[in-house]
Each structure stands twice: as structure tokens, then as C-alpha cells.
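Read off the chains here:
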Amino acid sequence: MTVPLLRAADLPSPAGSPGPAPEGAGRHLWLGTSWKMTKTLAEARAYVSDLHREPVPDGVELFVLPPLTALHAVLDARPDGSVLRVGAQNGHWAQDGPVTGEVSMRQLRDAGAEIVEIGHSDRRAQFGETDQVVAAKVTAALDQHLVPLVCVGEPWSVRASGRAAAHVGEQVRTALSGVAPHDLARVLVTYEPVWAIGDSGRAAAPGHIVGVLDRVRSVVDELAPGVGLRGLLYGGSVTAANAGALLDLDDLDGLFVGRAAWTADGLAALLRTCGDVAARRTTAHPARPSEARPVTADVTSDHLLAPTPTRRSR
Ligand SMILES: O=C[C@H](O)COP(=O)(O)O
């Protein structure tokens, strides 16, 4: 028997009683996908329905960012108790007002979003979003109890000049400049080199990623010593073939995926890889009992917004 999109440990045992709570899940591994500007309502519903076979492994936080038109369809298509989180790909910093065509963080929250992507390179390149705009959106999202997923990454010219880490570090510093130190623990950051994204991209090499992640963590530590981010992800030409190698980077907290997760089968394959890695990490770095995360099918944002204990100061 399979129960859709629940924790593996939430699946009923053969006798029908709940399974035991897992231990040692203090650090989460994130797997998310943005559908960007793809999918009709029917396609969105079919995707969630096709995912129904997949349990979400312990230690993995799964999210989907559909186009706004499909936000409700995805929310409604989730089975009761699902741990699949749903968010948006953009939001405006103002609470209300005459901003034709935009949607505020308050409206996103009202519509059921838990996460909001901010500053994707598409929006920086095509809609002129600056680091200052990104910063305004981050604080607006936090004000509305959304989890900001802040996208940062260097263009190829910066990469070629050897300044990738410095460039991304400054993007992060500006993006988080308005965030109260303790609120950094509510923020997800995803490192997405611009040259790695999309059909013409290729995934960054692990050594390159490590150098940039180190800089990001240093900047965050300067802003709020010892607090650490909610999670630091990588995105850009992630596939089922390279996900395992990327997640071998112990400092990486997850993957943010476009094309490879635009089918339910694609996301499911990545989910299984994440589950294997999360289990390995738990064995390698068991959480203290006080860090063990209770298994819950509760999808309220309180669970999502609560700071996660980290293995080490970040
Ligand atoms: O939103 C996801 C990122 O932009 C990566 O996209 P991609 O996996 O299709 O390269």
C-alpha cells in the first residue's frame, strides 16, 4: 500500500498502526523545483497525481513552485496530510496598491504559499531586478511569514574573471541587509550560476560550488554570527545523473531544479537520491536527541518557519 507524498515513516504499517518516529533528522535536505512558465491546470494536477506513488523520505523537505495560475490546483491536488510544500516564483515587496500585474507577499500567503522565490536570474535579466529590489522582497516575504528562497549567481563574464565568490557574496550581503539577525535562520539561499541554468547551461563543478558556498556562509556569519541560514542550495542543470555527486558536497543543503523535475518521474528520481543522501548524512552526523525532528504530516508554516538546529555554526 502506498500513501501519497507523506513521510515514509508516516505510511501505515501492515497492521495499520503508525510507524515509529525516526531519529537524527536535525538537518534537512531540501529538494525543490520551479516549473517556471510551464504547465496548464490539467498538467499541474496530473503532475501531483503522478507523484502520489512517492513517499517523501525522512530528512527531506520537498517543494514545488508552480506558476501562480496553478498554485491552488497544486494545493488542492495534494493528498490530506501531504508534506509537499507549495510556493510562488515571485512576489512584490509592497503590501497592496496600484501595481498592475503584480502580486504581493500578503496575497501569496493568503493564497496558501509557504515559500517565495526571489531574484531568479530570469527576473534580474528580463525584469531589471537589482540586489536592492531583492532585499526589499526578502524583508516583505519574512514580514508575511513566507520563507524567502533567494537566488544568487554570477554571469559567465564574472566567472571567467575569477570573481564568482566575491560577486555572489556581495549579492547575498545586499539581499539579506534588511533581515534581522535571528531571521536569517528563516531564509533559504540557492546558488545558481547564471551560466549553469537552462538549455545552454552546464552544471558547475563541485570545486567551484564549494568556493562560492564558503563565501556565502562567511557573509552570513558576518551578518549574524552563529545563526546560519535555513538552507543553502544549488541550482543549474541539476539532473538525476549528477544529483548524487552534487549532494556529496556535505556543505550543500539541497537542490533547486528546473527542467529535470518538470515531470513527476523526474522529481521522483531526484527525491529518491535525496532520500539516500539524507539517510547517509544522518548516519554520519547523528543528531542529538534534542535535535531530532518529530515526524509530522502537519504542513502548517509554523513547522517550516521554525529555525532548524544546525550541525555546526554557519
Ligand atoms: O529554477 C531552477 C533553476 O533556474 C535551474 O534550472 P535548470 O535546472 O533547468 O537549469
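Cut-offs used in this document
- Residues numbered from 1 in each chain as written.
- Predicted model: local features only at pLDDT ≥ 70, side-chain atom pairs only at ≥ 80, totals over all residues.
- Heavy atoms only, no water.
- Helix = DSSP H or I, 4+ residues; strand = E, 2+ residues; numbered from the N terminus.
- Buried < 20%, exposed > 50% of the residue type's maximum accessible area, 1.4 Å probe, protein only.
- Contact = heavy atoms within 4.5 Å.
- Areas by Shrake-Rupley, 256 points an atom, 1.4 Å probe, with all protein chains shown as cover.
- Salt bridge = Lys/Arg side-chain N within 4 Å of Asp/Glu carboxyl O.
- Pairing = 2+ DSSP bridges.
- Right-handed = clockwise from strand over helix to strand, strands pointing away.
- Axes fitted to C-alpha atoms, helices over the stretch in contact; angles between N-to-C directions.
- Parallel < 35°, antiparallel > 145°, perpendicular 65-115°, else oblique.
- Left-handed = near helix turned anticlockwise from the far one by under 90°.
- Nonpolar A, V, L, I, M, F, W, Y, C, P; charged D, E, K, R; others polar.
- Core = buried A, V, L, I, M, F, W, Y, C linked by side-chain atoms within 4.5 Å.
- Expected span 1.5 Å × (residues − 1).
- 1 Å grid on protein atoms, 1.4 Å probe; cavity = no way out; pocket = protein on both sides within 12 Å on 5 of 7 lines; lining within 4 Å.
- Points joined across faces, edges and corners; volume = space filled by probe spheres on them.
- Near = heavy atom within 4 Å.
- Polar contact = N/O pair within 3.5 Å; in protein donor to acceptor, adjacent residues only side chain to side chain.
- pLDDT = per-residue confidence, 0-100.

1. Side note on the overall build of the protein
1) Next: Per the secondary structure count, the protein includes 11 helices and eight strands.
2) Next: In the protein, which comprises 314 residues, the proportion classed as buried is 53%.
3) Next: In the protein, once contacts between residues fewer than 6 apart in sequence are set aside, the share between residues at least 24 apart is 76%.
4) Next: Approximately 13,200 Å² of the protein is accessible, and the part contributed by carbon and sulfur atoms is 55%.

2. A look at the pattern of salt bridges
1) Next: Counted under the stated rule, the structure contains 15 salt bridges.
2) Next: Between Asp-96 and Arg-106 there is a salt bridge, and its shortest N-O distance comes to 2.9 Å. Of this pair, Asp-96 sits in the loop between strand E3 (85–88) and helix H3 (105–111) while Arg-106 is found in helix H3, placing the two residues 10 residues apart along the sequence.
3) Next: In this structure Arg-106 comes out as partly exposed when scored by relative accessible area, which is 37%.
4) Next: Of the charged contacts in the structure, one is a salt bridge between Asp-248 and Arg-280, with a shortest N-O distance of 3.3 Å. Of this pair, Asp-248 sits in the loop between helix H9 (243–247) and strand E8 (254–257) while Arg-280 is found in helix H10 (residues 264–284), placing the two residues 32 residues apart along the sequence.
5) Next: Residue class for Asp-248 comes out exposed when judged on its relative accessible area of 53%.
6) Next: Each member of the salt-bridge network shares a partner with another, and the members are Glu-61, Arg-85 and Glu-114.

3. Some points on the pairing of strand E7 (residues 231–235)
1) Next: Within E7, five of the five residues are buried, leaving the element largely enclosed by the surrounding structure.
2) Next: The two faces of E7 match: Gly-231, Leu-233 and Gly-235 on one face and Leu-232 and Tyr-234 on the other face are all buried.
3) Next: Summarising the sheet, strand E6 (residues 188–191) and E7 pair through four bridges and their orientation is parallel. Following the sheet pairing, Tyr-191 is matched in E7 by Tyr-234.
4) Next: Read from E6 through helix H8 (residues 206–223) to E7, the crossover connection turns out right-handed.
5) Next: Relative to E8, E7 is paired through three bridges, and the arrangement is parallel. In the sheet register, Gly-235 faces E8, and the bridge partner there is Phe-256.

4. Comments concerning the packing of helix H1 (residues 41–51) against H10
1) Next: Where H1 meets H10, the axes come as close as 9 Å, and the angle between the chain directions of the two elements is 40 degrees. Comparing the axis directions of H1 and H10 gives the class oblique. In the crossing of H1 with H10, the sense of the turn from one axis to the other is right-handed. Listed contacts from H10 to Tyr-47, Asp-50 and Leu-51 of H1 are Ala-264, Leu-267 and Ala-268.
2) Next: Across the contact of H1 with H10, the residue classes break down as five nonpolar, no polar and one charged.

5. Considering the nonpolar core
1) Next: Counting residues in hydrophobic clusters, the biggest one holds 75 residues, and the most contacted among them are Leu-31, Val-172, Leu-176, Tyr-234 and Leu-255.
2) Next: In terms of residue count, H10 provides more of this core than any other element does, eight residues in total.
3) Next: Other than its neighbours up to four places away in sequence, Leu-31 contacts Val-60, Glu-61, Leu-62, Phe-63, Leu-255, Val-257, Leu-267, Leu-270, Leu-271 and Cys-274.
4) Next: In this structure, Trp-30, Leu-65, Leu-149 and Leu-233 belong to the second largest nonpolar core, which totals 10 residues.

6. Observations concerning H10
1) Next: The end-to-end C-alpha distance of H10, which contains 21 residues, comes to 30 Å, matching closely the 30 Å that a straight helix rising 1.5 Å per residue would cover.
2) Next: Within the span of H10, buried status applies to Ala-264, Gly-266, Leu-267, Ala-268, Leu-270, Leu-271, Thr-273, Cys-274, Gly-275, Val-277, Ala-278 and Arg-281.
3) Next: Looking at the buried positions of H10, the neighbouring elements they touch are strand E1 (29–34), H1, strand E2 (60–65), H9 and E8.

7. A word on the layout of surface pockets
1) Next: Of the voids in this model, the largest pocket is the one considered here, and its volume is about 600 Å³.
2) Next: Residue lining of the largest pocket: 21 residues in total, with Lys-36, Met-37, Gln-89, Asn-90 and Arg-123 positioned closest to the centre.
3) Next: With four residues, helix H4 (residues 121–127) is the largest single contributor of residues to the lining of the largest pocket.
4) Next: In terms of residue class, the lining of the largest pocket is made up of seven nonpolar, nine polar and five charged.

8. Overview of the site of the ligand
1) Next: What surrounds the ligand is a group of 13 residues, the closest being Lys-36, His-120, Ser-237, Gly-258 and Arg-259.
2) Next: Gly-198 places a main-chain nitrogen or oxygen 2.9 Å from an oxygen atom of the ligand.
3) Next: In this structure, an oxygen atom belonging to the ligand sits 2.9 Å away from a main-chain N or O atom of Ser-237.
4) Next: For the ligand, the accessible surface in isolation is 310 Å², of which the surrounding protein chains cover 99%.
5) Next: When its residues are assigned to classes, the shell around the ligand shows four nonpolar, six polar and three charged.

9. Examining the confidence of the model for the protein
1) Next: Averaged over all residues, the pLDDT of the protein is 87; the fraction at 70 or higher stands at 83%.
2) Next: pLDDT under 50 marks residues 11–25. Its contacts with residues more than four places away, or in other chains, come to 22 contacts.
3) Next: Every residue in residues 288–314 scores below 50 in pLDDT, and together they form 77 contacts with partners more than four places removed in sequence or on other chains.

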